[in-house]
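Analysis of the macromolecular model
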Amino acid sequence: MSIGIGVTLPDGALLIADGRQIRFLAENKAPVDDIDKIIKVSESVYSIPFGVTLVTHYTIQELQNAPLLISPEDLSGRVEMALNEGWQDFWSKLAPDVDLKHPGLKAAIITGGILNHEFFIAGSLCGNHSYTPPMLHKKHSQFQVLGGEKQNATELLIRTSASQARGVKWDYSTGPLNQTVKAILEAAKSVIRLVESQDESVGGLIRYAVIRKNYPVLKEILD
């Protein structure tokens with residue numbers, strides 16, 4: 001499983017993802033560490049798909065090919081529907097000898113950006129026979145983390161970000177990167193590397209996308 005992070009900003013959203021991919025159902029299970037997991041959905045919306053590629057690829061294509069997305073709620077609903085459709089189709093076609101309890105049998109999507117002048121992040125997850133309802137956040141400084149649950153990645157990221165950004169005021173006039181965004185990125189990097197040290201399915205190059213009102217989208221590798 002990978003790790004994906006979404007953060008709401010006062011004027012947009014920040015997405016961060018690791019770059020490692022391990023296809024545990026494939027014959028060659030060697031990890032690839034330079035997978036770009038931050039995918040453009042529209043000019044102001046990006047997604048992080050991870051888990052079962054067949055399911056997440058289907059979900060992203062459904063979003064990209066859908067009629068105009070009109071609101072964060074609309075997008076969240078479409079992700080939920082497409083993710084479930086893709087998952088049910090995948091699950092029905094699994095070979096009899098597949099370990100149905102394997103922890104890699106999950107599919108997740110984090111989506112973030114700006115729709116109808118609203119800044120948001122949304123997350124959805126399917127796994128084995130379980131289902132987690134989509135989580136939609138539109139308030140400032142909301143965090144959505146999928147992956148790293150055993151390491152309490154969400155709580156650690158929130159604490160580390162607060163420490164890194166202590167005393168730094170949000171700067172609307174500097175962008176896409178300002179000091180607060182840089183502090184969150186450094187905190188995210190430290191959390192991802194911690195998870196990587198304990199979970200070989202996480203790691204590789206870290207990429208991020210900053211989506212802020214009045215600035216071009218910035219998508220880069222986090223050194």
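So, here's what we can say about the structure.

In this structure the tally under the stated criterion is three aromatic pairs. Plain terms: the ring middles of tryptophan 170 and tyrosine 172 are 6.3 Å apart, the flat faces sit at 80 degrees to each other, and that makes the pair edge-to-face. The class of tyrosine 172 is exposed, set by a relative accessible area of 52%. By the ring-pair criterion, three or more aromatic residues cluster together here, those being Trp87, Phe90 and Trp91.

So, on to the pairing of strand S10 (residues 218-222). Of the pairings in the sheet, the one linking strand S9 (residues 206-212) to S10 comprises five bridges and is antiparallel in character. Pairing of tyrosine 208 across the sheet is with glutamate 220, part of S10. With antiparallel pairing between neighbouring strands as the criterion, S9 and S10 make up a hairpin whose turn holds five residues, including asparagine 214 at a positive phi of roughly 75 degrees.

Relative orientation of the contacting elements helix H1 (residues 53-65) and helix H2 (residues 72-92) amounts to 145 degrees, with a least axis distance of 8 Å. In this structure, H1 meets H2 at a crossing whose hand is right-handed. Two secondary-structure elements touch here, H1 through Leu54, Val55, Tyr58, Thr59, Glu62 and Leu63 and H2 through Leu75, Arg78, Val79, Ala82, Leu83, Glu85, Gly86, Trp87 and Phe90. Classifying every residue of the contact of H1 with H2 by side-chain character gives ten nonpolar, two polar and three charged.

Let us now look at the layout of surface pockets. Considering only enclosed or pocket space, the second largest pocket measures out at about 190 Å³ in volume. Those elements giving two or more residues to the lining of the second largest pocket turn out to be strand S1 (4-9), helix H3 (153-164) and helix H4 (179-198). Taken together, the residues of the lining of the second largest pocket break down into nine nonpolar, five polar and no charged.

Definitions and limits used
Residues numbered from 1 in each chain as written. Predicted model: local features only at pLDDT ≥ 70, side-chain atom pairs only at ≥ 80, totals over all residues. Heavy atoms only, no water. Phe/Tyr/Trp six-rings, centres within 6.5 Å; stacked < 30°, edge-to-face > 60°. Buried < 20%, exposed > 50% of the residue type's maximum accessible area, 1.4 Å probe, protein only. Pairing = 2+ DSSP bridges. Helix = DSSP H or I, 4+ residues; strand = E, 2+ residues; numbered from the N terminus. Axes fitted to C-alpha atoms, helices over the stretch in contact; angles between N-to-C directions. Left-handed = near helix turned anticlockwise from the far one by under 90°. Contact = heavy atoms within 4.5 Å. Nonpolar A, V, L, I, M, F, W, Y, C, P; charged D, E, K, R; others polar. 1 Å grid on protein atoms, 1.4 Å probe; cavity = no way out; pocket = protein on both sides within 12 Å on 5 of 7 lines; lining within 4 Å. Points joined across faces, edges and corners; volume = space filled by probe spheres on them.

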